[in-house]
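Observations on chain architecture
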Amino acid sequence: MTSANPGPQPPADTAPAAPAPAGQRPRTRLIATDLDGTLLRDDKSVSDRTVAALAAAEEAGIEVFFVTGRPARWMDVVSAHVHGHGLAICGNGAAVVDLHGGPGTHSFVKTRELERACALDVVRRLRAASPGTSFAVERTGGLHHEETYPPLHMEPGESVAPAEKLLAEDPGDPVVAEQPVLKVLAFHPELAPDDFLVLARAAIGDRATVTRSSPSALLEISGPGVSKASTLELCCAERGISPEEVVAFGDMPNDIEMLTWAGTSYAMGNAHPDVIAAASGRTVANNDDGVAVVIERIVAERRERNS
């Protein structure tokens, strides 16, 4: 998602040089891109230039995976652009989703849930470490939140209750009880976003994966070892694709593991400073179609090799 402007950006019609000359890099087989603040413009649209670049990549035999913190039900904005494989990684790696059905439909191919006991432990630890924190619970069927949790999302919650009740073995609805928990969200009204992230990681340790993608103090907490990177690695292994054959794009801390795992990675011109430090390259901002700029070059290199 969008962050504060980190400083001067590259010219809008260029991308930085890749880490190595084209002839020395492994052939790109998969492009993995974040959505908010990365592929999407700030108005949440996909530009015509980006649509054309995604189509050109798929036509050239390069798979494109959308890898996002968004839940599956928020994927309509890009569901028309998933092309042949139809898959996206949602919830920071907590779910692999089939979007073949088009806008308004999706099905879960794989879920990596946050165990209920682990989620309750996370809530307990954060309540003690950062009083004033409010919580929401993201399940496969929707969002459930505490009364004090702010309306940060694009939809009303499915139910409102203390987090301990939302995570109880019997949350009061047998349908909800059967839905896996994908992540817990924690919001603090006063702490700075990065300070809250540091505090939470210290309180939770390796019991769960804690990250953030919002400009506010909103944390996203998944099961231990669950991240964009680890789920992308699983999807690539199923396809026989190595990290060196992956090019990744991102802008916020929840992208860092994916950017360091991929053989080539780009921070957006609008990226968080930690993301810029983690990526192997940098492209222009999301509003200047930074992902398309790089994809166009990759496709041009592919055509040059083939000719």
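In this report, we go over the structure that sits alongside the text. Because the structure is predicted, anything quoted here is derived from the model rather than measured. (Residues numbered from 1 in each chain as written. Predicted model: local features only at pLDDT ≥ 70, side-chain atom pairs only at ≥ 80, totals over all residues. Heavy atoms only, no water.)

Bringing the state of the cysteines into the picture now. Following the criterion strictly, the structure yields zero disulfides and no others. With no disulfide of its own, Cys 235 lies 7.0 Å from the sulfur of Cys 236, the closest cysteine sulfur. (Disulfide = S-S within 2.5 Å.)

The calculated volume of the second largest pocket comes to roughly 150 Å³. Among the elements of the structure, β6 (134-139) and α4 (163-166) are those that each provide at least two residues to the lining of the second largest pocket. Its residues placed into classes, the lining of the second largest pocket shows six nonpolar, two polar and four charged. (1 Å grid on protein atoms, 1.4 Å probe; cavity = no way out; pocket = protein on both sides within 12 Å on 5 of 7 lines; lining within 4 Å. Points joined across faces, edges and corners; volume = space filled by probe spheres on them. Helix = DSSP H or I, 4+ residues; strand = E, 2+ residues; numbered from the N terminus. Nonpolar A, V, L, I, M, F, W, Y, C, P; charged D, E, K, R; others polar.)

Our next topic: the packing of helix α3 (residues 116-129) against helix α6 (residues 193-204). It is at 9 Å that the axes of α3 and α6 come closest, and there the two elements cross at 125°. As judged from the angle between their axes, α3 and α6 are oblique. The crossing of α3 and α6 is right-handed. When α3 is examined against α6, the residues Val 122, Arg 125, Leu 126 and Ala 129 are found in contact with a partner set consisting of Leu 199, Ala 200, Ala 203 and Ile 204. Grouping the amino acids of the contact of α3 with α6 by side-chain chemistry returns seven nonpolar, no polar and one charged. (Axes fitted to C-alpha atoms, helices over the stretch in contact; angles between N-to-C directions. Parallel < 35°, antiparallel > 145°, perpendicular 65-115°, else oblique. Left-handed = near helix turned anticlockwise from the far one by under 90°. Contact = heavy atoms within 4.5 Å.)

By size, the foremost hydrophobic cluster in this structure holds 34 residues, and its most contacted members are Ile 31, Phe 66, Met 75, Val 78 and Ile 295. In this structure, Leu 126, Ala 186, Ile 204 and Ala 217 belong to the second largest nonpolar core, which totals 24 residues. (Core = buried A, V, L, I, M, F, W, Y, C linked by side-chain atoms within 4.5 Å. Buried < 20%, exposed > 50% of the residue type's maximum accessible area, 1.4 Å probe, protein only.)

Looking now at the sheet that holds strand β8 (residues 181-187). If you walk across this open sheet you meet the five strands as β7-β6-β8-β10-β9, and the pairing is antiparallel. Two strands in the sheet have a free side with no partner beyond their single neighbour: β7 (142-145) and β9 (209-211). Adjacent strand axes in the sheet meet at a mean angle of 25° when their direction is disregarded. Summarising the sheet, β9 and strand β10 (residues 218-222) pair through three bridges and their orientation is antiparallel. (Pairing = 2+ DSSP bridges.)

Spanning 14 residues, α3 covers 20 Å between terminal C-alpha atoms, matching the ideal 20 Å at 1.5 Å per step. Of the positions making up α3, those classed as buried are Cys 118, Ala 119, Asp 121, Val 122, Val 123 and Leu 126. Packing partners of the buried residues in α3 comprise β6, α4, β8, α6 and β10. (Expected span 1.5 Å × (residues − 1).)

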